[in-house]
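Listed here are the chains, written in short residue letters.
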Amino acid sequence: ILCALSPIPLQVDGLFIIGWMYLPPHDPHVDDPMRFKPLFRIHLMERKCATVECMYGHKGPHNGHIQIVKKDEFSTKCNQTDHHRMSGGRQEEFRTWLREEWGRTLEDIFHEHMQELILMKFIYTSQYDNCLTYRRIYLPPSSPDDLIKPGLFKGTYGSHGLEIVMLSFHGKKAKGTKITGDPNIPAGQQTVEIDLAHPLQLPDVENLRDFSELSRIVLEVQEQVRREEQEQEHRQEEEKAASQPAPKPLGGEGAEGEETAAGAEGTTQDKAPASQPFVLPMGVISRNEDYPRTCRICFYGTGLIAGHGFTSPERTPGVFVLFDDDRFGFIWLELKSFSLYSRIKVSFQNAEAPSREAFDEMLKNIQSLAT
């Protein structure tokens, strides 16, 4: 799998190598299958010769170019960008993009702010239609201890539409990394982080409808996490000052706190029912009202928000909701919004990371590209 604006699997078909662009379904239908269309084609000739065709646009294959940058990285360039243009100009191109990518017309979108965000996303994506750079991405390694099988998921992001997120597990943390991005949070950034050491005990359904009650529970855990981090930093400073490893405390507050957090994880998961009723609190906005009404378990987490152009990014508290093996959600407390994620069930061959270290290094690389 290689990464550009969306996952690009390469497929060998006879004498051709074809790069396919995999796109999420139309918003907000996260359970629908992925859409795909060809992006470029390499015609393999004799004597190690090949011709490259750009498949982007609406006028058929045309002349393109591919350059190998370095290992696991290459770029494509269109040599006939007029094939990407339409006779009606940018307005016709925008309306066509809106119909194909969103499954709707401009007249269907009444909210002025949503129109603005969609137009920004069109400008953001269309500026790259003539030259793209691809880097390899690995699917996350899995472990029997993982909460669910890691992998790629389609998720709702309000007026930005559906985006692709990679869920991976890292000890007591789980990370959701954006594979596709938007004008606020670009691809490569860590959109959500789940603290598996801090499960949340949600109130009954009637009390859960009260947003202030959910907010109280989450903010209490946020404060607990902050205190534990301060204690950890304090212990590290003391160990550094002593110039030697500090002896492991037998019953100190810090050790007890860590043990409690780890113990809480195991206890909560062991005793949690197979499913419990779930409903979104009043006032929380969801693009998809067809979310599951039962869940397995919830955890404290943080979500990344930012202004246009990834300005003033900050991590804000939220709730990770595990529905089943293929679906989870995230309640963005500050935004009062809900994202629903559904597993991408496309089978990508030869996409596994050769090692945990290689996967972690890949995450660092794609995040550095975004910043």
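The numbering scheme is per chain: residues are counted from 1 as the chain's sequence reads. With the structure being a predicted model, the display of local features is reserved for residues of pLDDT at least 70 and the display and counting of side-chain atom pairs for 80 or more, all residues being used for whole-chain, interface and lining totals. Side-chain measures here rest on the full set of heavy atoms in the structure, leaving out hydrogens and waters.

Colleague: With reference to specific residues and values, describe the layout of surface pockets.
Modeller: Both site types are read off a 1 Å grid over the protein atoms alone. A 1.4 Å probe that fits but cannot get out defines a cavity, while an open set with protein on both sides within 12 Å along at least five of seven lines defines a pocket; lining residues have an atom within 4 Å of a point. Grid points are joined across faces, edges and corners, and a volume is the space filled by probe spheres set on the points. What the second largest pocket holds in volume is close to 520 Å³. If you go around the second largest pocket, you meet 21 residues; those closest to its centre are Tyr157, Gly158, His160, Leu335 and Ser337. The secondary structure listing takes helices from DSSP runs of H or I that are at least 4 residues long and strands from runs of E that are at least 2 residues long, numbered from the N terminus. Those elements that place two or more of their residues in the lining of the second largest pocket are β17 (297-307) and β20 (337-343). Ten residues, namely Ala, Val, Leu, Ile, Met, Phe, Trp, Tyr, Cys and Pro, are considered nonpolar, four, namely Asp, Glu, Lys and Arg, are considered charged, and the remaining ones, Gly among them, are considered polar. Considering only residue class, the lining of the second largest pocket consists of 10 nonpolar, 8 polar and 3 charged.

Colleague: Report on the nonpolar core, specifying residues and quantitative values.
Modeller: The criterion is simple. A nonpolar core is a set of buried Ala, Val, Leu, Ile, Met, Phe, Trp, Tyr and Cys residues joined through side-chain atoms within 4.5 Å. Exposed residues in this analysis have more than 50% of their type's maximum accessible area, buried residues have under 20%, and partly exposed residues fall in between, with area computed by a 1.4 Å probe over protein chains only. Ranked by size, the top nonpolar core spans 26 residues in total, and within it Leu200, Phe278, Val319, Ile331 and Phe338 carry the most contacts. With 6 residues, the top contributor of residues to this core is helix α4 (residues 211-242). Only heavy atoms enter the contact rule, under which two residues are in contact if any of them lie within 4.5 Å. Ignoring sequence-local partners within four residues, the contact set of leucine 200 consists of Ile217, Val218, Val221, Cys298, Phe299, Tyr300 and Val319.

Colleague: Tell me about unusual backbone geometry, and name the residues and values.
Modeller: That bond from aspartate 27 to proline 28 is cis: its omega, 5°, falls within 30 degrees of zero. Among the secondary structure elements, proline 28 is positioned in the loop between β4 (16-23) and β5 (35-44). Backbone geometry places serine 312, a non-glycine residue, at a positive phi of 50°.

Colleague: Can you lay out the state of the cysteines for me, pointing to particular residues and giving the numbers?
Modeller: In this description, a disulfide is simply a cysteine sulfur pair whose atoms lie within 2.5 Å. For the structure shown, the criterion picks out 0 disulfides. Its sulfur unpaired, cysteine 298 is 4.1 Å from the next cysteine sulfur, which belongs to cysteine 295.

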